[in-house]
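Listed below, chain by chain, are the residues.
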Amino acid sequence: KAGVTQTPRYLIKTRGQQVTLSCSPISGHRSVSWYQQTPGQGLQFLFEYFSETQRNKGNFPGRFSGRQFSNSRSEMNVSTLELGDSALYLCASSLGLSGRLGDTQYFGPGTRLTVL
Amino acid sequence: GQQVMQIPQYQHVQEGEDFTTYCNSSTTLSNIQWYKQRPGGHPVFLIQLVKSGEVKKQKRLTFQFGEAKKNSSLHITATQTTDVGTYFCAAMIYNQGGKLIFGQGTELSVKP
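In this text the structure is predicted, and so the values were computed from the model without any measurement.

## Topic: the pairing of strand E5 (residues 44-49) of chain B
Next up, step 1: In this sheet, E5 of chain B lies alongside strand E4 (residues 29-37) of chain B in antiparallel orientation, the contact comprising 5 bridges. Bridge assignment links Gln 33 of chain B to a residue of E5 of chain B, and that residue is Gln 48 of chain B.

This is the structure:
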């Protein structure tokens with residue numbers, strides 16, 4: 001079974017631009033969670049989608065948004081990029097909602113975003 | 001504020017020494033998961049603990065969940081260079097809408 005895939009793997013943007021990241025979960029998984037990872041802040045939860053609906057949201061500004069499609073693939077969008085948005089963006093998939101008893105998350109390799 | 005505190009932030013050990021990382025919360029946890037992230041890699045699930053006082057072992061790794069379900073620990077016996085990486089706990093807190101909250105991680109380096 002193929003693992004979680006994320007595209008692109010690396011991205012360089014300039015301030016003010018917008019970016020869309022994509023995540024394809026493991027086949028059969030219905031939940032996709034997004035995380036931002038930086039050296040100073042660790043792993044910060046962005047949001048979680050399950051069956052095309054946002055189920056949980058972290059404490060990020062409205063510039064960060066996401067969606068999930070009927071095939072469970074998910075996209076994350078960041079508008080009006082700031083220098084501080086430079087980070088590794090990880091998505092994780094699970095059968096059910098993350099943290100649910102018996103469910104585990106499988107992380108993708110991440111997208112390394114650099115904002116200049 | 002940070003709801004799941006993990007200490008220490010860094011740990012440097014000599015190969016063969018033991019290592020422990022701790023995860024603490026002021027609120028009751030529904031369950032807790034542990035992940036390992038190798039340098040340049042992504043987090044990989046290790047284990048999930050659910051029951052109060054639960055202890056689980058995976059070879060040289062021992063995971064514990066506190067009696068009050070407010071803390072957890074990961075202990076590695078006789079570290080090896082392959083243990084290098086950052087260990088994260090991730091907890092689901094009761095009445096927090098099902099969000100999985102990660103600790104800051106403990107970065108382990110092992111000197112051969």
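From this point on, the discussion continues.
## Considerations on the packing of aromatic side chains
Next up, step 1: If you walk through the whole model with that rule in mind, you get 11 aromatic pairs over all chains.
Next up, step 2: Their ring planes at 80° and their centres at 6.1 Å tell us that Phe 107 of chain A and Phe 102 of chain B sit as a pair that is edge-to-face. Residue Phe 107 of chain A is located in strand E10 (residues 106-107), and its partner Phe 102 of chain B is located in strand E10 (residues 100-102); the two belong to separate chains. Exposure class is identical for Phe 107 of chain A and Phe 102 of chain B. Each is buried.
Next up, step 3: When the centroid spacing of 5.8 Å and the interplanar angle of 45° are considered together, the rings of Phe 19 of chain B and Tyr 87 of chain B count as tilted. With a gap of 68 residues between them, Phe 19 of chain B in strand E3 (residues 19-25) and Tyr 87 of chain B in strand E9 (residues 85-93) connect regions that are remote in the sequence.
Next up, step 4: In textbook terms, an aromatic cluster arises when at least three aromatic residues are bridged by ring pairs, as seen for Tyr 35, Phe 45 and Phe 107 of chain A together with Tyr 35, Phe 45, Phe 88 and Phe 102 of chain B.

## A word on the pairing of strand E8 (residues 71-76) of chain B
Residues and elements named next belong to chain B.
Next up, step 1: Relative to E8, E3 is paired through 6 bridges, and the arrangement is antiparallel. If you follow Thr 20 over to E8, its bridge partner there is His 75.
Next up, step 2: Bridging between strand E7 (residues 61-65) and E8 involves 5 bridges; their strand directions are antiparallel. Its bridge partner lying in E8, Gln 64 is registered against Ser 73.

## Comments concerning the sheet that holds strand E3 (residues 19-24) of chain A
All names here are of chain A.
Next up, step 1: Read across the sheet, 4 strands follow the order E1-E3-E8-E7 without closing on themselves; strand pairing throughout is antiparallel. With partners counted over all chains shown, the strands left at the sheet margins are strand E1 (5-7) and strand E7 (64-68), one partner each. Here the average twist between neighbouring strands, direction ignored, is 20°.

## Considering the layout of surface pockets
Next up, step 1: Estimates place the volume of the largest pocket at around 680 Å³.
Next up, step 2: If you go around the largest pocket, you meet 29 residues; those closest to its centre are Gln 37 and Pro 39 of chain A together with Gln 37, Thr 86 and Phe 88 of chain B.
Next up, step 3: With 4 residues, strand E11 (residues 106-111) of chain B is the single largest residue contributor to the lining of the largest pocket.
Next up, step 4: Tallied by class, residues from the lining of the largest pocket come to 9 nonpolar, 16 polar and 4 charged.

## Looking at the interface of chain A and chain B
Next up, step 1: Each partner contributes residues to the interface: chain A has 23 residues there, and chain B has 17 residues.
Next up, step 2: Together chain A and chain B conceal approximately 1600 Å² of surface at their shared face, both sides included; 52% is due to carbon and sulfur atoms.
Next up, step 3: Counting across the chain A and chain B interface gives 0 salt bridges.
Next up, step 4: Seen at the junction of chain A and chain B, the total is 2 residue pairs in polar contact (both at pLDDT 80 or more).
Next up, step 5: Broken down by secondary-structure element, the contributors of at least two residues to the side of chain A that touches chain B are strand E4 (31-38), strand E5 (42-50), strand E6 (53-57) and strand E9 (87-94) of chain A.
Next up, step 6: In terms of residue class, the side of chain A that touches chain B is built from 8 nonpolar, 12 polar and 3 charged.

## A few points about the side chain of Thr 38 of chain A
Residues and elements named next belong to chain A.
Next up, step 1: Among the secondary structure elements, Thr 38 is positioned in strand E4.
Next up, step 2: The class for Thr 38 is buried, based on a relative accessible area of 14%.
Next up, step 3: The residues touching Thr 38, leaving out its near neighbours within four places in the chain, are Ser 86 and Ala 87.

Reading the values: rules and limits
Residues numbered from 1 in each chain as written. Chains lettered and ligands numbered in written order. Predicted model: local features only at pLDDT ≥ 70, side-chain atom pairs only at ≥ 80, totals over all residues. Heavy atoms only, no water. Pairing = 2+ DSSP bridges. Helix = DSSP H or I, 4+ residues; strand = E, 2+ residues; numbered from the N terminus. Phe/Tyr/Trp six-rings, centres within 6.5 Å; stacked < 30°, edge-to-face > 60°. Buried < 20%, exposed > 50% of the residue type's maximum accessible area, 1.4 Å probe, protein only. Axes fitted to C-alpha atoms, helices over the stretch in contact; angles between N-to-C directions. 1 Å grid on protein atoms, 1.4 Å probe; cavity = no way out; pocket = protein on both sides within 12 Å on 5 of 7 lines; lining within 4 Å. Points joined across faces, edges and corners; volume = space filled by probe spheres on them. Nonpolar A, V, L, I, M, F, W, Y, C, P; charged D, E, K, R; others polar. Contact = heavy atoms within 4.5 Å. Buried area = accessible area lost by both parts, 1.4 Å probe. Salt bridge = Lys/Arg side-chain N within 4 Å of Asp/Glu carboxyl O. Polar contact = N/O pair within 3.5 Å; in protein donor to acceptor, adjacent residues only side chain to side chain.

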